[in-house]
Every structure is written in structure tokens, then in C-alpha cells.
Amino acid sequence: QVQLAQSGGGLVQAGGSLRLSCAASGRTVSSYHLGWFRQAPGKEREFVAGIIRNSGRTYYADSVKGRFTISRDNAKNTVYLQMNSLKPEDTAVYYCGAGILDVTRAIQWGQGTQVTVSS
């Protein structure tokens, strides 16, 4: 298993930026793809961005392409989500997730962090 510890998030005005961090730990952390997901009130959790464990290739939901950037620091086993040009519809609880077969489907989760974008 892998343990995921998130930090970052908060309240920001529309057009602003935030950065989320997720530190992964555990003996098998290198076996996992890492990604970010979010869940808005009354909605299902959705994939936001992901990074493949070996290649570092990145994937994004259409709604965040060009605004969000996922990156990782292998030395620190940490993945980041830089969020720019934030919109009120980006308001949600954001979760770091780890998956094995599919970067868009996590099987381990971080604790979640609230991101609120005011208009």
C-alpha cells in the first residue's frame, strides 16, 4: 500500500492560483500512478490530472487543460498540482489518488483538501 499526505488548498478569488502537494510514502510507492481528483457538493468524484509512474506522461480533464499542471518530484515522492486561472466551478474537495492499472482510477486516497474559488 501507499500512504498519501496532502497539503495546500484554501480560498482564492477567481483568476487566482493555488498549488496542492501530495507526499507519497510506502514500500511500493514507485508502483503507482499518481493523480488528482475532485468532488464538488452533490457531484461524483472526478479525475482532474494524472502522471504515469515510469514515463512521467501527463493527462488532464478537458475542463482544466491549459490551466492546471501536474508535476512530480521523484526524489521527494511528491506530486503537485499547480492551478492557475481558477474559476468558481473549480470549487471542490481535491483528493490525491494512487492507482496501478489506470491513472484515472485511484485505489488509494489522500485525506482531501478544500479549494474554494470566489467570484
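This text follows the structure it describes.
Residues numbered from 1 in each chain as written. Predicted model: local features only at pLDDT ≥ 70, side-chain atom pairs only at ≥ 80, totals over all residues. Heavy atoms only, no water.

To summarise the sheet geometry, strands pair through backbone hydrogen bonds and adopt either a parallel or an antiparallel arrangement. On the basis of which strands lie adjacent, the open sheet formed by four strands has the order 1-3-8-7 and antiparallel pairing. At either margin of the open sheet sits one strand with a lone partner, and together these are strand 1 (3-8) and strand 7 (68-73). On average, adjacent strands in this sheet sit at an angle of 20° to one another, irrespective of strand direction. Of the strand pairs in this sheet, strand 1 and strand 3 (residues 18-25) are connected by six bridges, and their pairing is antiparallel. (Pairing = 2+ DSSP bridges. Helix = DSSP H or I, 4+ residues; strand = E, 2+ residues; numbered from the N terminus. Axes fitted to C-alpha atoms, helices over the stretch in contact; angles between N-to-C directions.)

This next bit is on the pattern of salt bridges. Summed over all chains, the structure comprises five salt bridges. The shortest N-O distance in the salt bridge between Asp90 and Arg38 comes to 2.9 Å. Taken together, the positions of Asp90 in the loop between strand 8 (78-83) and strand 9 (92-99) and Arg38 in strand 4 (residues 33-39) put the pair 52 residues apart, joining distant regions of the chain. As far as the burial class goes, Asp90 and Arg38 line up, both buried. The salt bridge involving Arg105 is made with Asp102; its shortest N-O contact spans 3.8 Å. (Salt bridge = Lys/Arg side-chain N within 4 Å of Asp/Glu carboxyl O. Buried < 20%, exposed > 50% of the residue type's maximum accessible area, 1.4 Å probe, protein only.)

Looking now at the side chain of Thr113. Its location among the elements puts Thr113 in strand 11 (residues 113-118). For Thr113, a relative accessible area of 13% puts it in the buried group. Engagement of the side chain of Thr113 in a polar contact is seen with the backbone oxygen of Gly8, the distance being 2.8 Å. Setting aside residues no more than four positions away along its own chain, Thr113 makes contact with Gln6, Gly8, Gly9, Leu20, Ala92, Val93 and Tyr94. (Polar contact = N/O pair within 3.5 Å; in protein donor to acceptor, adjacent residues only side chain to side chain. Contact = heavy atoms within 4.5 Å.)

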